[in-house]
Amino acid sequence: MTLAETRPAKAIYLLSWLIPLTYLIHIAEEYWGGEGYPTYIYRLRGVHLSPTKFLVAQAIGFMLVTIGIVLARQFNFPSMMLVILSTTVMVNGVTHTFNALMTLSYNPGLLSSVLIWIPMGIFVLVRFKREMNSQRYRTAIAIGVGINVVIGVITMRGGRVM
């Protein structure tokens with residue numbers, strides 16, 4: 001492989017592993033920021049999500065993200081996985097921002113959303129738009145949005161899947 005061939009692969013690899021790293025930062029802010037996400041979601045929406053359920057759900061999410069990155073590399077779809085995960089975190093960040101604007105207040109996770117997830121998501125989406133087949137790119141974005149919908153439904157049910 002030439003340097004030109006390995007540089008994109010290294011960039012994808014690095015960016016992919018930034019997602020779980022920034023996820024840990026985001027979880028920490030949601031847990032310790034302000035009143036904490038479980039208290040915030042109860043106050044705002046009346047959703048009962050205990051701190052323990054919150055941490056268990058986040059641990060499961062972290063494991064799924066990590067497994068997804070490993071599998072994507074193993075089965076040769078790292079660019080698509082990167083776009084899926086970047087869309088997921090960016091949409092989550094936009095949701096935090098929207099909620100902050102609607103309430104004119106801080107919500108746990110807002111700073112990491114505005115400072116890390118939204119810029120990273122935009123960077124990845126712009127960077128990979130021309131490098132991926134357009135249908136595959138749109139599919140990856142749709143999957144990322146879909147993941148947010150599923151997470152939102154589970155969250156609004158107080159962490160209950162069924």
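The sections below set out a description of the structure shown in this document. Counting restarts for each chain, with residues numbered from 1 along the sequence as it is written. Local features are withheld for residues below a pLDDT of 70 in this predicted model, meaning they are given only at 70 or higher, and side-chain atom pairs are given and counted only at 80 or more; totals for whole chains, interfaces and linings count all residues. As a rule here, side-chain values cover all heavy atoms of the structure and leave hydrogens and water aside.

**Describing the environment of Gly 93**
Tracing the sequence through the fold places Gly 93 in helix α4 (residues 78-103). Along the chain, Gly 93 and Pro 20 lie 73 residues apart, while their C-alpha atoms are 15 Å from each other. For helices the rule is a DSSP run of H or I covering at least 4 residues; for strands it is a run of E covering at least 2, with both sets numbered from the N terminus onward.

**Brief notes about the side chain of Glu 30**
Looking at the secondary structure, you find Glu 30 in helix α1 (residues 3-32). We call two residues contacting when some pair of their heavy atoms lies within 4.5 Å. Not counting chain neighbours up to four residues away, the residues in contact with Glu 30 comprise Gly 36, Tyr 37, Phe 54, Gln 58, His 96, Pro 108 and Gly 109.

**Focus on the nonpolar core**
Put simply, buried Ala, Val, Leu, Ile, Met, Phe, Trp, Tyr and Cys residues joined by side-chain atoms within 4.5 Å make one nonpolar core. The classification of residues rests on relative accessible area computed with a 1.4 Å probe and restricted to protein chains. Under 20% of the type maximum is buried, over 50% is exposed, and intermediate values are partly exposed. Ile 19, Leu 82, Val 83 and Phe 128 are the most contacted members of the largest nonpolar core, which totals 30 residues. Those elements giving two or more residues to this core turn out to be α1, α2 (37-45), α3 (51-74), α4, α5 (110-129) and α6 (134-156). The element contributing the most residues to this core is α4, with eight residues. With residues near it in sequence (within four places) discarded, Ile 19 still touches Val 65, Leu 82, Leu 85, Ser 86, Val 89 and Met 120.

**Description of the packing of aromatic side chains**
Any two rings among Phe, Tyr and Trp, with Trp reduced to its six-membered ring, count as a pair given centres within 6.5 Å; such a pair is stacked if its planes are under 30 degrees apart, edge-to-face if over 60, and tilted if neither. The full count for this structure, using the stated rule, is seven aromatic pairs. On the basis of an interplanar angle of 15° and a centroid distance of 6.4 Å, the ring pair of Tyr 31 and Phe 54 is categorised as stacked. Of the two residues, Tyr 31 sits in helix α1 while Phe 54 sits in helix α3, which places them 23 residues apart along the sequence. Judged by relative accessible area, which is 2%, Phe 54 ranks as buried. Here a set of aromatic residues connected by ring pairs shows up, and it is made of Tyr 31, Trp 32, Tyr 37, Tyr 40 and Phe 54. Note on geometry: a ring has a charge over it if NZ (lysine) or CZ (arginine) is within 6 Å of the ring centre and within 35 degrees of the ring normal. Over the aromatic face of Phe 128 sits the side chain of Arg 127, whose NZ or CZ is 5.2 Å from the ring centroid.

**Quick notes on the layout of surface pockets**
Space inside and on the surface of the protein is sampled on a 1 Å grid over the protein atoms alone, with a cavity defined as a set of points where a 1.4 Å probe fits but cannot get out and a pocket as an open set with protein on both sides within 12 Å along at least 5 of 7 lines; lining residues have an atom within 4 Å of a point. Grid points are joined across faces, edges and corners, and a volume is the space filled by probe spheres set on the points. Counted as a void, the largest pocket has a volume near 1,200 Å³. Lining the largest pocket are 42 residues, and of these Asn 92, Ile 147, Ile 151, Gly 152 and Thr 155 sit closest to its centre. Contributing elements (two or more residues each) for the lining of the largest pocket: α1, α2, α3, α4 and α6. Among the residues making up the lining of the largest pocket, the classes are represented as 26 nonpolar, 13 polar and three charged. There is about 160 Å³ of room inside the second largest pocket. Basically, the charged four are Asp, Glu, Lys and Arg, the nonpolar ten are Ala, Val, Leu, Ile, Met, Phe, Trp, Tyr, Cys and Pro, and anything else, Gly included, counts as polar.

Any functional reading would require information that these geometric values do not contain.
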